[in-house]
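# Observations on chain architecture
Each chain is listed here by its residues.
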Amino acid sequence: MNNNLAAISFDTINDEAGKYIAGGVVSLNRKVNPPIVFKKAKGSKLYDINDKEYIDYHAAFAPYFLGHNNDEVNDEVIRIIKENHSLYGTGTNELEIQLAKELCDIIPSFELVQMTNSGSEATAHAIRLSRAYTGREHIVLMMGGYNGWHNDVARSVMPSIDVIGERISPGEYAFIPSSAGIPEDVKNKIHCINFNDLNSLEYVLRKYPVACVLTEPVLQNIGVVKPQKGYLQSMLNLCEQYGAVCIFDEVKTGFRTSLSGYQGVCNVLPHLSVFGKAIANGYPIGVIGGKKEIMSLFDTDDIKRRVLIAGTYNAHPLNIAAALATIHILKTKPVYVQIDSVCKILYAGWEQIFAEKGIPAVVASNASASVVYFCETLPDDMHDILENHDFNLDLKYRRLLIRNGIYQIPLPCKQNSVSYAHTIDDISKTLEVTRKVVSQL
Ligand SMILES: Cc1ncc(COP(=O)(O)O)c(C=O)c1O
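Just so it is clear, the model here is predicted, and its values are computed rather than measured.

### Brief notes about the overall build of the protein chain
When helices and strands are counted, the protein chain shows 15 helices and 14 strands. In terms of overall dimensions, the protein chain is globule-like: its C-alpha atoms have a radius of gyration of 22 Å, near the 22 Å expected for 441 residues. Oriented by its inertia axes, the alpha-carbon framework of the protein chain measures out at about 70 × 60 × 45 Å.

Next comes the structure, spelled out in structure tokens:
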């Protein structure tokens, strides 16, 4: 903090933003309370406009797996600029071929890939591919899943229990849009069921002509909800039985769980999968890949089945360079081992602190992704969270942490992300602050 100057008020800057930016922030899920304005970030740290330092567990919704502004990744991007690589907008080039080859080598289910600028674009393409492939239109999504902002997936991620009512199984929940402007015809073709609920999955697969089942293999937009043993394999089997395409949305689990994604850990190979976020450590890229038979529809001679993929900025050389550099680091440095060891200390520390204070809490985690649920047992689905988690306590906890220099986004159940830049020192400080904060809950 600059002691000579009065602190700059976040509210003043937010008011200024509101004059020009619709809603005052870009991407409305960044609208948080308390408002905060950052000016730079390096490694595991964020710095606000008053120079206050925070240990960051938000990681901008998870992409910064190596930490903010990783030098090696940035240097590679700068090299690509200095060498005059460009977006040629015609034909292919060596960089994108190198990344495509790399991805087909490391992601077990990838036979062919395509590239986009974001995870949402990748899920949109995956859904359209599945419709073209099957000749069907209905899709199945998970309650509590998030797969992007476009019409086909824009259901409310965390509706209240009053809105969704009693648990439904076997069966489907009403589609609750997260946006106005979605045509009724689209809504009628979306079927939302609980994660980990095979009876409901079979119910909808039997009832509708389903093109695809799209799921995060671990629900990481409502904290960390893991698949029960055998669930993902049974999902794949049911998809095959009923002729639907099984799509894993690995935008959050990919690269963070392991180099080969969650699919590399659970050994279930979906027909299609999509990646984003950590693949390029903060640079914007999405990837879709999977079975040759389906992916080939992007360029089939059969014009009635050909699926459009286009985008001026797809495979932009800066993003490809960032992805290649990130993957190189993941392959050559002990990233997973180090993150695993600091996470073990962090998660055990949290458990101990809450136990000592007698606050019912459980730590859910998938490698570097974690969350504290304020309830007695780990949830199996969104319904469990809505019924048992103390949302007010969660919010209070996050706000106290922020006040004390630990940034966990002040939205209940949002995932924490540890990076390769987090040190043992960061973890010790985090636990020290947590101990203090928890005694104020
Ligand atoms: C699982 C998952 N899928 C898709 C997306 C959409 O990705 P993007 O924000 O890059 O469009 C997200 C974003 O948070 C996500 O978490």
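Once you've had a look at it, read on.
### Quick word on the sheet that holds strand β7 (residues 210–215)
Strand order in this open sheet of seven strands is β4-β10-β9-β8-β7-β5-β6, and the pairing throughout is mixed. Whereas interior strands pair on both sides, the edge strands pair on one side only; in this sheet they are β4 (112–116) and β6 (190–193). On average, each strand axis in the sheet is tilted by 20° relative to the strand beside it, whichever way the strands run. With four bridges joining them, strand β9 (residues 272–275) and strand β10 (residues 286–290) adopt antiparallel strand pairing. The residue bridging Ser273 from the neighbouring strand is Gly289, located in β10. Most of the contacts of helix α4 (residues 119–134) go to β7, to which it runs at about 150°, and overall it touches β4, β5 (138–142), β7, β8 (245–249), β9 and β10.

### Some details on the packing of helix α2 (residues 71–82) against helix α11 (residues 317–332)
Packing of α2 against α11 brings their axes to within 8 Å, and their N-to-C directions diverge by 145°. Helix-helix and strand crossings are classified by hand; for α2 and α11 the assignment is right-handed. Across the interface between the two elements, Glu72, Val73, Glu76, Val77 and Ile80 of α2 pack against Pro317, Leu318, Ala321, Ala322, Ala325, Thr326 and Ile329 of α11. When its residues are assigned to classes, the contact of α2 with α11 shows nine nonpolar, one polar and two charged.

### A closer look at the domain arrangement of the protein chain
Taken as a whole, the protein chain is organised into domain 1 (10–61 + 334–438) and domain 2 (71–331). The centre of domain 1, based on its C-alpha atoms, is set 25 Å off from the matching centre of domain 2. On the domain 2 side, the residues contacting the 22 residues of domain 1 number 25 residues. If you list the elements that add at least two residues to the side of domain 1 that touches domain 2, you get α12 (335–357), β11 (362–366), β12 (369–373) and α13 (382–388). If you tally residues by element for the side of domain 1 that touches domain 2, the top one is α13, at five residues. By residue class, the composition of the side of domain 1 that touches domain 2 is 13 nonpolar, six polar and three charged.

### Notes on the site of the ligand
Taken together, 15 residues are adjacent to the ligand, and Ser118, Gly119, Ser120, Gly148 and Val251 come closest. When residues in the shell around the ligand are grouped by element, the largest group, three residues, is from α4. When the residues that make up the shell around the ligand are grouped by side-chain class, the tally is three nonpolar, nine polar and three charged.

### Some details on α12
Compared with the 33 Å implied by 1.5 Å per residue over 23 residues, the 33 Å span of α12 between its first and last C-alpha is a close match. Turning to α12, its buried residues number three or more, namely Ile339, Val342, Leu346, Trp350, Ile353 and Phe354. Buried residues along α12 sit in contact with β11, β12 and α15 (424–438). Downstream of α12 by one or two residues, Gly358 has phi in the positive range, about 70°.

Rules used in this analysis
Residues numbered from 1 in each chain as written. Predicted model: local features only at pLDDT ≥ 70, side-chain atom pairs only at ≥ 80, totals over all residues. Helix = DSSP H or I, 4+ residues; strand = E, 2+ residues; numbered from the N terminus. Rg over C-alpha atoms; globule rule 2.2 N^0.38 Å. Pairing = 2+ DSSP bridges. Axes fitted to C-alpha atoms, helices over the stretch in contact; angles between N-to-C directions. Contact = placed C-beta atoms within 7 Å. Left-handed = near helix turned anticlockwise from the far one by under 90°. Nonpolar A, V, L, I, M, F, W, Y, C, P; charged D, E, K, R; others polar. Domains from an automatic or database assignment. Near = placed C-beta within 6 Å. Expected span 1.5 Å × (residues − 1). Buried ≥ 20, exposed ≤ 12 C-beta atoms within 10 Å, placed from the backbone.

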